[in-house]
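Residue-level structure breakdown
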Amino acid sequence: MLSKTLQDAINSQINLELSSAYIYLSMAAHFEGENLGGFANWMQVQYHEETEHAMKFFKYVYERGGNVTLKAIPQPIAKFKSPLDVMNIVLEHEQKVTASINKLYELALKEKDYATQSFLKWYIDEQVEEEKNATDIINMLEMTGDAKMGLMMIDRQLGKRKAD
Ligand code: OFO
C-alpha cells in the first residue's frame, strides 16, 4: 500500500502532468492561429502524451490501494513571441517536470517503497526523451534564425509526428 506522503506527492504529479497537457494544448491553439499546422500537430501529440502520463499515475495509485484527489489546473500561458520562445518555455517546463519526478523517486527511496521506485523508472527515461525532443527543435530553430523557408521546413517535419 502507498504511504499517505507518496500518495499526496503522486496526486500533485498527476496535477502537474495534466497542467502540462493544458499548456501544450494552449500552444497548439497558438500555432493553429499562426498557420503553423505542423507545430500545432506536435503540440497536440504532446497534449495526448501528457494525459497518458497522468493516467498511468492514476491507475498506479489505485493498484497500490490509494486514492486520487484532483486539484485545480492553472490557466496556461497563451501569448508567445515566436516559435523559439514557445520551445524554450517547453524545455524549461520539462526541466521542472524532471525535477519533480526526481523528487518523487527520492521520496520512494527514503520510504523504501521498491514498487514505486520501479514504476518511476519509466518516467525517468521518458523525461530524458522529453528534454531531448524540445532541445532538438530549439537547435533547429536557432540554426534557421529568421529564415521563413527554414521555419516552413521545420513545420513540415513536426507535422509528421504521430502518437506513439
Ligand atoms: Fe509528462 O512529461 Fe512532459 O510534462
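Summary of the structure given here. (Residues numbered from 1 in each chain as written. Predicted model: local features only at pLDDT ≥ 70, side-chain atom pairs only at ≥ 80, totals over all residues. Heavy atoms only, no water.)

**As for the packing of helix α4 (residues 114–144) against helix α5 (residues 148–158)**
- At their nearest, the axes of α4 and α5 sit 9 Å apart, and the two run at 160° to each other. Classified by the angle between their axes, α4 and α5 sit roughly antiparallel to one another. In terms of crossing hand, the pair formed by α4 and α5 is right-handed. Residues Ile137, Met140, Leu141 and Thr144 of α4 form the contact with α5, whose own contacting residues are Gly150, Leu151, Ile154, Gln157 and Leu158. (Axes fitted to C-alpha atoms, helices over the stretch in contact; angles between N-to-C directions. Helix = DSSP H or I, 4+ residues; strand = E, 2+ residues; numbered from the N terminus. Parallel < 35°, antiparallel > 145°, perpendicular 65-115°, else oblique. Left-handed = near helix turned anticlockwise from the far one by under 90°. Contact = heavy atoms within 4.5 Å.)

**Side note on α5**
- Buried within α5 are the following residues: Gly150, Ile154, Asp155 and Leu158. Projected down its long axis, α5 shows its buried positions confined to an angular sector of 140°, all on one face. Pointing more than 90 degrees away from the buried face of α5 are the exposed residues Lys148, Met149, Met153 and Arg156.
- Contacts from the buried residues of α5 go to α2 (37–63) and α4. (Buried < 20%, exposed > 50% of the residue type's maximum accessible area, 1.4 Å probe, protein only. Arc of directions from axis to C-beta.)

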